[in-house]
Amino acid sequence: MSPVPAPSDLPVELRTEALESILVEKGLVDPAVLDKFIKTYAEDVGPLNGAKVVAKAWTDPEYKARLLADGTAAIAELGFKGPQGEHFVVLENTPTRHHLVVCTLCSCYPWPVLGLPPGWYKDPAYRARAVREPRALLAEFGLELSPDVEIRVLDSVSEVRYMVLPERPAGTESLSEEELVPLITREAMTGVAKVKAP
Amino acid sequence: MTFVDLDVVGPAAPPRSNGELVFAAPWEGRAFAMALTLHDRGLFEWSAFQGQLIRAVARAEAAGGEFSYYRCWLEALQTLLDTSGLVDSASVDERTAVLAGRPAGHDHRHGDHDDDHDH
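Computed from a predicted model, the values in this text were never measured in an experiment. (Residues numbered from 1 in each chain as written. Chains lettered and ligands numbered in written order. Predicted model: local features only at pLDDT ≥ 70, side-chain atom pairs only at ≥ 80, totals over all residues.)

Peer 1: For this particular structure, what's the right way to read the overall build of chain B?
Peer 2: When helices and strands are tallied, chain B shows four helices and zero strands. Counting the 119 residues in chain B, one finds 29% classified as buried. Nonlocal contacts in chain B, meaning residues at least 24 apart in sequence, comprise 43% of its contacts between residues at least 6 apart. (Helix = DSSP H or I, 4+ residues; strand = E, 2+ residues; numbered from the N terminus. Buried ≥ 20, exposed ≤ 12 C-beta atoms within 10 Å, placed from the backbone. Contact = placed C-beta atoms within 7 Å.)

Peer 1: What is the right way to look at the overall build of chain A in this model?
Peer 2: Per the secondary structure count, chain A includes eleven helices and four strands. Sorting the 198 residues of chain A into buried and exposed places 39% on the buried side. Considering only intrachain contacts with a sequence separation of at least 6, the fraction spanning at least 24 residues in chain A is 72%.

Peer 1: Honestly, the pairing of strand β4 (residues 161–165) of chain A in this entry has me stumped. Any pointers?
Peer 2: Regular strands show a simple pattern: their side chains alternate between the two faces of the sheet. Residue and element names in this part refer to chain A. Counting buried positions over the five residues of β4 gives five, a clear majority of the element. A two-sided burial pattern is seen for β4, the buried positions comprising R161, M163 and L165 on one face and Y162 and V164 on the other. Pairing geometry for strand β1 (residues 88–92) and β4, over five bridges, is parallel. Each bridged residue has a counterpart across the sheet, and for V89 the counterpart in β4 is Y162. (Pairing = 2+ DSSP bridges.)

Peer 1: Quick question: what am I supposed to make of the nonpolar core here?
Peer 2: The nonpolar side chains of soluble globular proteins are, as a tendency, buried together. Ranked by internal contacts, the top residues of the largest apolar core, which has 71 residues, are A:V54, A:I184, B:M34, B:W73 and B:L77. Of the residues that make up this core, three or more belong to each of domain 1 (11–43) and domain 2 (46–190) of chain A. If we ignore the near neighbours within four places in the chain, the residues touching B:L77 are B:A31, B:M34, B:A35 and B:F49. (Core = buried A, V, L, I, M, F, W, Y, C linked by C-beta atoms within 7 Å. Domains from an automatic or database assignment.)

Peer 1: Looking at this structure, how should I read the interface of chain A and chain B?
Peer 2: Accessible area lost upon the coming together of the parts serves often as the stated size of an interface. Each partner contributes to the interface: chain A provides 46 residues, whereas chain B provides 41 residues. Looking at which element gives the most residues to the side of chain A that touches chain B, the answer is helix α1 (residues 12–25) of chain A, with twelve residues. For the side of chain A that touches chain B, the per-class residue count stands at 29 nonpolar, eight polar and nine charged. (Nonpolar A, V, L, I, M, F, W, Y, C, P; charged D, E, K, R; others polar.)

Peer 1: I keep staring at the environment of A:L175 and nothing clicks. Help me out?
Peer 2: Structurally, A:L175 can be placed in the loop between β4 and α10 (177–180). When the C-alpha positions of A:L175 and A:T59 are compared, they lie 9.4 Å apart, and in sequence the two are 116 residues distant.

Peer 1: Sorry if this is basic, but what is going on with the environment of B:V92 here?
Peer 2: With respect to the secondary-structure elements, B:V92 resides in helix α4 (residues 89–100). Owing to 23 C-beta atoms within 10 Å, B:V92 belongs among the buried residues under this scheme. Remark: the alpha-carbon pair of B:V92 and B:D82, spanning ten residues in sequence, is separated by 9.7 Å. Those residues within four positions of B:V92 in sequence are excluded, and the remaining contacts are A:R15, A:A18, A:L19, A:I22, B:Q78 and B:V87.

Peer 1: Can you help me understand the packing of helix α2 (residues 46–63) of chain B against helix α3 (residues 69–83) of chain B in this one?
Peer 2: Relative orientation and spacing of two packed helices are given, respectively, by the angle between their axes and the distance between those axes. Residue and element names in this part refer to chain B. It is at 8 Å that the axes of α2 and α3 come closest, and there the two elements cross at 130°. In this view, α2 runs oblique relative to α3, as classed from their interaxial angle. When you trace α2 past α3, the crossing you get is right-handed. Note on element contacts: α3 touches α2 through R71, C72, W73, E75, A76, L77, T79 and L80, opposite A48, F49, Q52, L53, A56, V57 and A60. Looking at the contact of α2 with α3, its residues break down into eleven nonpolar, two polar and two charged. (Axes fitted to C-alpha atoms, helices over the stretch in contact; angles between N-to-C directions. Parallel < 35°, antiparallel > 145°, perpendicular 65-115°, else oblique. Left-handed = near helix turned anticlockwise from the far one by under 90°.)

Peer 1: Which parts of the structure should I look at to understand the confidence of the model for chain B?
Peer 2: In low-pLDDT regions, the fine details of the predicted coordinates are not to be read closely. Residues and elements named next belong to chain B. Averaged over all residues, the pLDDT of chain B is 77; the fraction at 70 or higher stands at 68%. This stretch, residues 1–18, has a pLDDT under 50; its non-local contacts, to residues over four places away or in other chains, come to 23 contacts. Low pLDDT, under 50, characterises residues 104–119; the predicted model gives this stretch four contacts beyond four residues in sequence or across chains. Predicted complex metrics record ipTM = 0.86 and pTM = 0.83. (pLDDT = per-residue confidence, 0-100.)

Peer 1: How do you make sense of the packing of helix α2 (residues 31–44) of chain A against helix α1 (residues 26–40) of chain B when you look at a structure like this?
Peer 2: As a packed pair, α2(A) and α1(B) sit with axes 9 Å apart at the nearest point and diverge in direction by 110°. Considering the angle they form, α2(A) stands roughly perpendicular to α1(B). Considering only the axes of α2(A) and α1(B), their crossing is right-handed. On α1(B), the residues that touch A:V33, A:L34, A:F37, A:I38 and A:A42 of α2(A) are B:G29, B:R30, B:A33, B:M34, B:L36 and B:T37.

Peer 1: Help me understand unusual backbone geometry, please; the structure alone is not making it clear to me.
Peer 2: Most peptide bonds are trans, and most residues other than glycine sit at a negative phi. Residues and elements named next belong to chain A. Positive phi outside glycine occurs at Q84, with the angle close to 70°. Examined against the element boundaries, Q84 turns out to sit in the loop between α5 (71–77) and β1. What makes Q84 buried here is the crowd of 20 C-beta atoms within 10 Å. For S107, which is not a glycine, the phi torsion comes out positive at approximately 65°. Take S107: there are 22 C-beta atoms within 10 Å of it, and that puts it in the buried class.

As structure tokens, then:
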């Protein structure tokens, strides 16, 4: 037997390719379907969806009430549903209460409204510190909250996927729903930033 | 300098304009999509995959070093497929080794498989 390198030492690209080729041979995976999933999550499903939800809630009080009462149904009204979106809970940030979303164990994330999680959300330091010292963590994101603002950390370990409804910034009263959409960032909808007026 | 016809600032901008690219390398996208499509076909509950992912993330963090979320993702998928009898890890290891030796051509070191090459 010639020495074979331990598979863990081989490039992860090759391990992925090996697994895919076996799954294709077994008829369990269709490469074209993989391509479609990748394209969907790389290009179509992203924080723009969540921004549309937030802009509608800011401009339509009845929609906002429905969104806060039943996030899953209200988000589905706009056509956003799918894996990791079966149990949405939307929480409103106010001048006195700030919500921050994290998944401490495995980086669960509300895909249909925010797309796939960014690097910082998956980072072990973010996941640990969001719970241990959220105020200091937010300050490092550039968000200094006054000590009298209560911070609530939402850990997405169960089936619930959280999204933050950020505060509508002052100075945007004259903007339409469509004009508000581009102001709303992924960071604001996870609670590591506020929305800024243009 | 000429890739400017993409609307990267307006409301119609693709989501990647609102942050970084979702996959840092092509294999990450393939590993992600394999789990999704297998779940879609009803081959496992998402909670079962999530359980393996939690364990893989914990192992990676305990081991230290640079953290790669999609390495954990791939490991979780392999473990789940192995324990459920769909794809045993040894066959993935073997195939990986074969792929690693690919540039050298037909130098498969052992022929205990019915390799039916169709290329």
